[in-house]
Amino acid sequence: MTKQTETIEAQVKIFKALADPTRLEIIRYLNQLDHEVSCGEVDRAMHIGKTSGSYHFKILQAAGLITARKEAREKYVTLDQSTFDRYLTHFWQN
C-alpha cells in the first residue's frame, strides 16, 4: 500500500466519523476540555446512553480523532490533536 493510499484511507475514516452529528458534538465537547475525561461524563453531557456512546467512541478512535485509555472499569478519552494537525488544519476555525 502506498503512502498516498494510506493517507486517502485515513481521510475517508476521519470524514465518515465526522459526518455524524453526535460524533461531531462529542469532538466539540472534548475540544473545550484541556484534560482527558471519562466516557461516562461525555455520555451524560451529550445525553446519550452507554451503548450509543461506546459505538461513537469506537468510530472516533478508529479514525484517530480520539485516544482512549482504560483504567479498571472506566475508559478515558481525549482528542488526538495530531490527527487534527495533520488532516484537519483550521478545523476549529470553521
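Thresholds applied
- Residues numbered from 1 in each chain as written.
- Predicted model: local features only at pLDDT ≥ 70, side-chain atom pairs only at ≥ 80, totals over all residues.
- Heavy atoms only, no water.
- Helix = DSSP H or I, 4+ residues; strand = E, 2+ residues; numbered from the N terminus.
- Rg over C-alpha atoms; globule rule 2.2 N^0.38 Å.
- Buried < 20%, exposed > 50% of the residue type's maximum accessible area, 1.4 Å probe, protein only.
- Contact = heavy atoms within 4.5 Å.
- Pairing = 2+ DSSP bridges.
- Core = buried A, V, L, I, M, F, W, Y, C linked by side-chain atoms within 4.5 Å.
- Axes fitted to C-alpha atoms, helices over the stretch in contact; angles between N-to-C directions.
- Parallel < 35°, antiparallel > 145°, perpendicular 65-115°, else oblique.
- Left-handed = near helix turned anticlockwise from the far one by under 90°.
- Nonpolar A, V, L, I, M, F, W, Y, C, P; charged D, E, K, R; others polar.

J.: Go over the overall build of the protein chain with me, naming the residues and quoting the values.
T.: Each helix and strand in the protein chain was counted, giving five helices and three strands. The C-alpha atoms of the protein chain give 13 Å as radius of gyration, which agrees with the globular expectation for 94 residues (12 Å, within 12%). Along the three orthogonal principal directions, the C-alpha set of the protein chain runs to about 40 × 30 × 20 Å. Residues counted as buried form 35% of the 94 residues belonging to the protein chain. Expressed as a percentage of contacts within the protein chain between residues at least 6 apart in sequence, the contacts between residues at least 24 apart total 53%.

J.: Report on the pairing of strand β2 (residues 66-71), specifying residues and quantitative values.
T.: Pairing analysis gives six bridges linking β2 to strand β3 (residues 74-79), with the strands arranged antiparallel. Bridging across to β3, Arg-69 finds its partner in Tyr-76. Between the antiparallel neighbours β2 and β3 lie two residues, among them Ala-72 with a positive phi of about 55 degrees.

J.: Provide a residue-level description of unusual backbone geometry, including the pertinent values.
T.: We note that His-47 has phi near 60 degrees; this positive angle belongs to a residue other than glycine. Counting through the fold element by element, His-47 comes out in the loop between α3 (39-46) and α4 (50-62). Phi is positive for Ala-72, which is not a glycine, with a value near 55 degrees. Summarising the element assignment, Ala-72 is placed in the loop between β2 and β3.

J.: Kindly report on the nonpolar core, identifying the contributing residues and their values.
T.: Of all hydrophobic cores here, the largest spans 24 residues; its most connected members are Ile-26, Ile-27, Leu-30, Val-42, Leu-65, Ile-66 and Val-77. For this core, the secondary-structure elements that each account for two or more residues are α1 (3-18), α2 (21-31), α3, α4, β3 and α5 (81-87). Among the elements that take part in this core, α2 stands out by supplying five residues, more than any other. Aside from chain neighbours lying at most four places away, what touches Leu-30 is Val-37, Val-42, Ile-66, Val-77 and Leu-79.

J.: Break down the packing of α3 against α4 for me, with residues and values.
T.: It is at 10 Å that the axes of α3 and α4 come closest, and there the two elements cross at 110 degrees. One element, α3, and the other, α4, form an angle in the roughly perpendicular class. In the crossing of α3 with α4, the sense of the turn from one axis to the other is right-handed. Between α3, through Cys-39, Val-42 and Asp-43, and α4, the contact on the second element is made entirely by Lys-50, Gly-53 and Phe-57. In terms of residue class, the contact of α3 with α4 is built from three nonpolar, one polar and two charged.

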